[in-house]
Amino acid sequence: MDVIQQLIGRLHPLVVHLPIGFILAALLLQWYDRKNNEWSKIIGILFQWAFIFATIACISGYLLYKGEGYSFDTVKFHLWLGIVTALFSLLMYLRLAAPSKIDFIKRVPVVLFSYSLLFLISFTGHLGGNITHGSDYLIEPLPNSIKSLLGVGPEVYEMPTLEEENWEEAILYTDLVQPILNTRCVSCHNTKKEKGELLLEEEIGILKGGENGAIIEPNDPENSALYARLILPLDHEDHMPPKDKDQPSKEELDIIKTWIANGNSFDKSIGEMGLKKELFHSFFPKKKDDTYPDVVVAEVSADTISAIKNKGFHVERVNEESKFLKVSCINKPTFSDGDFELLTSLINQIVYLDLGETQVTDAIFEKLSTLPHLTVLKLDNTAVTGRNIETLEKLEYLKNLNLMGTNFEEVHLPKLKEFKKLQIVYLFNTPVKKPDQVSKPKEGELFIDYGGYDLPKIATDSIVF
């Protein structure tokens with residue numbers, strides 16, 4: 001009997017479209033026949049069939065609710081409005097096609113029934129869509145900008161985090177496992193939508209398991225459905241979460257696995273479980289990248305960047321969020337001092353400039369000093385010697401300077417040591433003599449990298465293939 005009920009219930013998504021079709025067809029015929037009133041009988045018959053199939057849809061929907069584990073709070077409005085839709089279809093049939101002895105039906109304007117039915121099938125269908133696809137199924141395809149304009153911006157998933165200072169005191173289940181389940185699983189396994197009779201919102205539901213029994217085998221993640229179904233191939237019918245949903249990361253899977261493998265405690269801290277810090281590296285806050293200046297600059301238009309690219313430069317953003325730019329002459333070896341004017345429209349946005357292997361000379365330093373946010377400068381394999389390089393001292397963000405393969409003269413080296421933010425200078429293959437000993441710089445001191453490192457031989461170096 002349960003099988004038959006379940007089968008009838010699962011026909012609901014098919015059956016429910018039949019009354020919708022009959023009602024819409026009848027309403028359209030009403031619209032075309034609004035002046036002549038010649039088709040009332042056939043329109044009434046359409047409403048009769050709409051009533052019959054709406055009743056069947058209500059029954060199958062009720063059986064689906066009972067068989068699939070939905071809570072009544074989730075389906076009640078959809079169910080009640082479905083019943084009301086069936087009753088209004090019957091009233092329309094009685095009003096238009098059947099001889100009725102009920103006077104009040106004849107007194108109610110047909111247009112009132114029509115608008116009521118149009119509202120009922122629209123709202124009832126919307127509630128049904130909410131149940132099967134989620135409350136945001138209508139707005140989900142919209143671009144994020146429009147969602148934000150409507151005040152329903154996209155939910156941004158944030159990985160649970162641990163603090164470096166007290167990570168061992170964190171409760172593994174509370175601080176990591178449950179947040180992962182909340183993000184990946186609870187949308188389908190909660191008190192309102194108990195798919196598979198499984199609740200993953202709290203300890204009781206997890207320990208109870210679902211319609212197929214327990215989901216955790218203590219200390220055995222591979223045989224625990226909670227973990228085993230997460231690592232099945234994406235196309236496997238038992239894979240969870242469904243392939244159209246966001247999938248857990250490898251680090252999140254490792255946390256679930258480790259939790260089960262270590263007794264799935266709900267109250268033990270990471271320290272008490274003796275787990276290594278390496279397992280949690282992904283859950284520590286990422287350090288902010290402070291390579292480039294923390295200042296606001298105007299965004300360069302796409303047309304301007306396109307025009308610069310057409311002149312042979314490679315231009316790209318430092319990252320998607322930043323308005324700063326990296327500019328390279330890797331495909332423009334003919335670049336010379338006079339060509340600097342081609343970059344004047346990007347002066348405030350350039351933080352990384354690669355002029356390596358171009359035709360620039362010492363005259364370029366004066367021009368480069370006009371780039372207020374320049375942080376990384378590559379002049380390797382050019383004709384610069386260092387004369388007038390002190391003009392770059394005004395660049396308050398310059399940290400990285402590459403002079404390899406140039407004729408940079410040692411006499412200019414002390415000038416670089418006056419640069420306040422400069423952290424590293426590359427001088428390999430220049431006339432500057434490498435000291436016998438190069439000591440490691442202290443924090444905040446300039447490091448001169450002379451290159452020419454001798455790497456120790458290893459056994460594989462002697463292999464002859």
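First, a word on scope: everything that follows refers to the structure included in this document. As the structure is a computational prediction, the values presented were derived from the model and not from experiment.

To continue, consider the overall build of the protein. Counting its secondary structure elements, the protein contains 16 helices and 7 strands. The C-alpha atoms of the protein give a radius of gyration of 36 Å, which is well past the 23 Å a tight globule of 465 residues would have. Taking the principal axes of its C-alpha atoms as reference, the protein extends roughly 110 × 65 × 50 Å. Classification of the 465 residues of the protein by burial places 38% in the buried group. For the protein, restricting intrachain contacts to residue pairs at least 6 apart in sequence, the fraction spanning at least 24 positions comes to 57%. In the structure as shown, the protein presents an accessible area of about 28100 Å², 55% of it carried by carbon and sulfur atoms. Counting 47 positive and 64 negative side-chain charges, the protein places the averaged centre of each group 7 Å from the other.

What follows covers the sheet that holds strand β2 (residues 325-328). One open sheet holds the 7 strands; their spatial order is β1-β2-β3-β4-β5-β6-β7, and the pairing between them is mixed. Of all strands in the sheet, those with a lone pairing partner are β1 (314-317) and β7 (447-449), marking the two edges. The sheet shows a mean angle of 15° between the axes of neighbouring strands, taken without regard to direction.

Turning our eyes to something else, we now look at the side chain of Ser269. Structurally, Ser269 can be placed in the loop between α12 (250-261) and α13 (270-273). Engagement of the side chain of Ser269 in a polar contact is seen with the backbone oxygen of Glu168, the distance being 3.5 Å.

Attention now moves to the pattern of salt bridges. All told, the structure shown has 9 salt bridges when counted by the stated rule. We note a salt bridge from Asp238 to Arg229, for which the minimum N-O separation is 3.9 Å. The class for Asp238 is partly exposed, based on a relative accessible area of 33%. The exposure class of Arg229 is partly exposed, given its relative accessible area of 28%.

Moving on, we get to the pairing of β2. Strand direction decides the pairing type here: β1 and β2, joined by 4 bridges, are antiparallel. By the bridge assignment, Val315 is partnered in β2 with Val327. Where β2 lies against strand β3 (residues 350-354), 4 bridges are found, and the strand directions are parallel. Bridging across to β3, Lys326 finds its partner in Tyr352.

Parameters at a glance
- Residues numbered from 1 in each chain as written.
- Predicted model: local features only at pLDDT ≥ 70, side-chain atom pairs only at ≥ 80, totals over all residues.
- Heavy atoms only, no water.
- Helix = DSSP H or I, 4+ residues; strand = E, 2+ residues; numbered from the N terminus.
- Rg over C-alpha atoms; globule rule 2.2 N^0.38 Å.
- Buried < 20%, exposed > 50% of the residue type's maximum accessible area, 1.4 Å probe, protein only.
- Contact = heavy atoms within 4.5 Å.
- Areas by Shrake-Rupley, 256 points an atom, 1.4 Å probe, with all protein chains shown as cover.
- Lys, Arg positive; Asp, Glu negative; His and termini not counted.
- Charge placed at Lys NZ, Arg CZ, Asp CG, Glu CD.
- Pairing = 2+ DSSP bridges.
- Axes fitted to C-alpha atoms, helices over the stretch in contact; angles between N-to-C directions.
- Polar contact = N/O pair within 3.5 Å; in protein donor to acceptor, adjacent residues only side chain to side chain.
- Salt bridge = Lys/Arg side-chain N within 4 Å of Asp/Glu carboxyl O.

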